[in-house]
Amino acid sequence: MGLFAFDDAALLGIAAEGTPCFAYRLETAARAWKSLRAALPERIRLAYAVKANPHGGLLRAFAALGSSFDCASKGELARVAALGIPGSRILFAGPGKRREELALALGLGARIEVDGIEDLQILEVLLAGPGPGMAGAKSPLRDSLRVHPRGGIAEGSRIIGGTGPSAFGVDEEDVPRLVAEAKGLTRVRIAGLQVFASSNELHAPRLLENHRASLRIARGLADLLASAYACPVEEALDCIDLGGGLGIPYEEEVAELDLGALGSGLQGLLGENPWYRGELVLEPGRYLSGPCGVYLTRVVRIKESRGETFAILEGGINHLLRPALTGQAFPVRVPGRGEAEEKKPYTLAGPLCTSLDRLGTAVLSRLLPGDILAFGQTGAYGFTEAMGLFLSHDLPRETCL
Ligand SMILES: Cc1ncc(COP(=O)(O)O)c(C=O)c1O
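Criteria and thresholds
Numbers given for residues are sequential positions, taken from 1 along each chain in its written order. Local features in this predicted model are restricted to residues of pLDDT 70 or higher, and side-chain atom pairs are both shown and tallied only at a pLDDT of 80 or more, whereas totals for entire chains, interfaces and linings draw on every residue. Definition of nonpolar core: a set of buried Ala, Val, Leu, Ile, Met, Phe, Trp, Tyr and Cys residues joined via C-beta atoms within 7 Å. Using C-beta atoms placed from the backbone, we call a residue buried if 20 or more other C-beta atoms fall within 10 Å of its own, exposed if 12 or fewer do, and partly exposed for counts in between. The start and end points of each domain follow an automatic or database-based domain assignment. Fitted lines through C-alpha atoms serve as axes, helices being fitted only where they are in contact, and the angles separating the N-to-C directions of these axes extend from 0 to 180 degrees. Numbering of helices and strands starts at the N terminus; helices are DSSP runs of H or I of at least 4 residues and strands are runs of E of at least 2. Throughout, the term roughly parallel applies to angles under 35 degrees, roughly antiparallel to angles over 145, roughly perpendicular to angles from 65 to 115, and oblique to all others. Each residue is represented by a C-beta atom placed from its backbone, and any two residues with such atoms within 7 Å are regarded as in contact. Under the convention adopted here, Pro, Cys and the residues Ala, Val, Leu, Ile, Met, Phe, Trp and Tyr are nonpolar, Asp, Glu, Lys and Arg are charged, and Gly plus all remaining residues are polar. Strands were regarded as paired on the criterion that DSSP finds at least two bridges between them. Directions from the helix axis toward the C-beta atoms define the arc. The handedness criterion is simple: a crossing whose near helix is rotated anticlockwise from the far helix by less than a right angle is left-handed, and one whose near helix is rotated clockwise is right-handed. As a rule, any residue with its backbone-derived C-beta atom within 6 Å of a molecule or strand is reported as near that molecule or strand.

## As for the nonpolar core
Core analysis: the biggest nonpolar cluster contains 118 residues, and Leu-77, Ile-90, Leu-221, Leu-237, Val-294 and Leu-296 have the highest contact counts within it. Counting contributing residues per domain, this core is built from domain 1 (27–290) and domain 2 (291–400), each supplying no fewer than three.

Take a look at the structure:
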């Protein structure tokens, strides 16, 4: 099956129930979680990044495996809380957090990853008040600080990361100033670090290079905090969140991420940093939910135009925006059509009135209206990242199997 979570017979069966459709295979998602868990040192906590795919079936599957959850909005917090996940298994991160979101995270007992002094100041005020849930919050509240690295990390993609100007976190060079300001707050205390340096990284040594840089930043932060709060450096931090970014292949020939190398490299990094006694967190989204998903859509029209053959589909970037955002197409196949069939190149267009509505180009068996196309690896950054409301077409069905 490779890049497709279901075999052709299953794909055709799912499509017969109605297209367009996203189908998520829970067994594949659970396998990804378990193999990653098994490869990592015990001191690493796994938090599924809900933004990759917030479907309730997937959240329940990861919850049952003991996953923590990385949330980035009130809506994501509410989805996770509705499953009965305790605050000790919820992290709350993201730029531009609003007061009501911070209040919800606080009430749930989530670990808050602040993006700057403003988040800390809001928390300080919330903790002083009688708001719902505040009574249970421990004081001073231990938060983590998101830091945007100055250097020493692999180049980021357009999606996230790198060392250029960033909307995320506090620039590394500004951390001493922030710690000095935060010292004046009595109800909140910086006690952790979050760094997210690159996305869709398939090369374990590059991920590890980024994590090494994060541990270097952590040491600098711990020294500052030890002096600000007059505590031993070993007690300054209890949580270092290394972010997500574990890649998955979108083409057959591309090698998968070497989990063994990642796990032993992380174990090595812990050994190199004996001063650090807390936990490490990884918050992968794509790695855990990407491979379990398939998007099924029918061909509506075939059109020849000036030497190019278009297959116009039921759904395009209204259901799968990622190819337009990143320039990287999802793998596609025509289920039930033999490898030996004659093939030709198609431009895969959606039904929207914009030339941006393209899912890529592919060499496929000859297509006719009504034929089904299956796009693999679409369990992460699929429908919820798309522009589903544009042109008011039907929304795709989503099903967990
Ligand atoms: C803070 C944070 N954590 C985790 C993730 C998940 O990243 P990935 O799906 O690349 O693992 C993201 C993605 O944008 C993120 O912003």
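## Considering the packing of helix H2 (residues 26–39) against helix H9 (residues 259–272)
Geometry of a packed helix pair, given as the angle between the helix axes and the separation of the axes. Relative orientation of the contacting elements H2 and H9 amounts to 40°, with a least axis distance of 8 Å. Between H2 and H9, the angle is such that the two are oblique. Contacts between H2 and H9 involve Ser-35, Leu-36 and Ala-39 from the former and Leu-259, Gly-260, Leu-262 and Gly-263 from the latter. Residues that form the contact of H2 with H9 fall into these classes: four nonpolar, three polar and no charged.

## Brief notes about the domain arrangement of the chain
The domains assigned to the chain are domain 1 (27–290) and domain 2 (291–400). On the domain 2 side, the residues contacting the 18 residues of domain 1 number 15 residues. Those elements giving two or more residues to the side of domain 1 that touches domain 2 turn out to be H2, helix H3 (56–64) and helix H10 (286–289). The element best represented in the side of domain 1 that touches domain 2 is H2, accounting for three residues.

## Describing the pairing of strand S16 (residues 372–376)
For S16, a buried count of five out of five residues is recorded, marking the element as mostly surrounded by other parts of the structure. Residues Ile-372, Ala-374 and Gly-376 of S16 are buried on one face, and the alternating residues Leu-373 and Phe-375, pointing to the opposite face, are buried as well. Across five bridges, the pairing between strand S11 (residues 293–305) and S16 is antiparallel. Looking across to S16, one finds that Arg-298 is bridged to Ile-372. Inspection of the sheet shows strand S13 (residues 332–333) paired to S16 by two bridges, in the antiparallel sense. Bridge pairing in S16 places Arg-333 opposite Ala-374.

## Re helix H7 (residues 175–182)
Along H7, the residues classified as buried are Val-175, Leu-178, Val-179 and Ala-182. Down the axis of H7, the sector holding all buried residues measures 100°, keeping them to one side. Across from the buried face of H7, at angles greater than 90 degrees, the exposed residues are Arg-177 and Ala-180. Contacts made by the buried residues of H7 are with helix H6 (117–128), strand S6 (141–148), strand S7 (170–171), strand S8 (188–194) and helix H8 (204–228).

## Quick look at the packing of helix H5 (residues 99–108) against H6
The geometry of H5 relative to H6 is characterised by a closest axis approach of 10 Å and an angle of 60° between their N-to-C directions. Between H5 and H6, the angle is such that the two are oblique. Judged by the twist between their axes, the crossing of H5 over H6 is right-handed. Contact residues: Arg-99, Leu-102, Ala-103 and Leu-106 in H5; Asp-119, Ile-122, Leu-123 and Leu-126 in H6.

## Description of unusual backbone geometry
In this chain, Thr-19 is followed by Pro-20 through a cis amide linkage whose omega measures -5°. Take Pro-20: it is sitting in the loop between helix H1 (8–16) and strand S1 (21–24). The phi dihedral of Arg-306 falls on the positive side, at around 45°, and the residue is not glycine. Backbone geometry at Leu-391 places phi at a positive 75°, although glycine is not the residue there. When you line up the elements, Leu-391 lands in the loop between S16 and strand S17 (397–400).

## Some points on the site of the ligand
If you check the shell around the ligand, you find 19 residues, and the closest are Ala-49, Gly-244, Pro-284, Gly-285 and Arg-286. Residues of the shell around the ligand, tallied by class, amount to nine nonpolar, six polar and four charged.

## Remarks on H5
Since one α-helical turn is 3.6 residues long, residues separated by three or four positions face the same way. Where burial is concerned, most of H5 is hidden: seven out of the ten residues are buried. Within the sequence span of H5, burial applies to Glu-101, Leu-102, Ala-103, Leu-104, Ala-105, Leu-106 and Leu-108. Looking at the buried residues of H5, the elements they touch are helix H4 (74–82), strand S4 (90–92), strand S5 (111–114) and H6. Remark: Gly-109 follows H5 within two positions and exhibits a positive phi of approximately 80°.

## Remarks on the pairing of strand S10 (residues 279–282)
Inspection of the sheet shows strand S2 (residues 44–49) paired to S10 by three bridges, in the parallel sense. Within S10, the residue paired with Arg-45 across the bridge is Val-281. Looking at chain direction, strand S9 (residues 239–241) and S10 are connected through three bridges and run parallel. Considered in S10, the bridge of Ile-240 is made with Leu-280.

## Looking at the environment of Leu-225
Note that Leu-225 resides in helix H8. Taking the number of C-beta atoms within 10 Å as the measure of exposure, Leu-225 has 25 and is therefore buried. Taking the C-alpha atoms as reference points, Leu-225 and Pro-176, separated by 49 residues in sequence, lie 9.2 Å from one another. Those residues in contact with Leu-225 that lie beyond four places of it in its chain are Val-179, Ile-190, Ala-236 and Leu-237.

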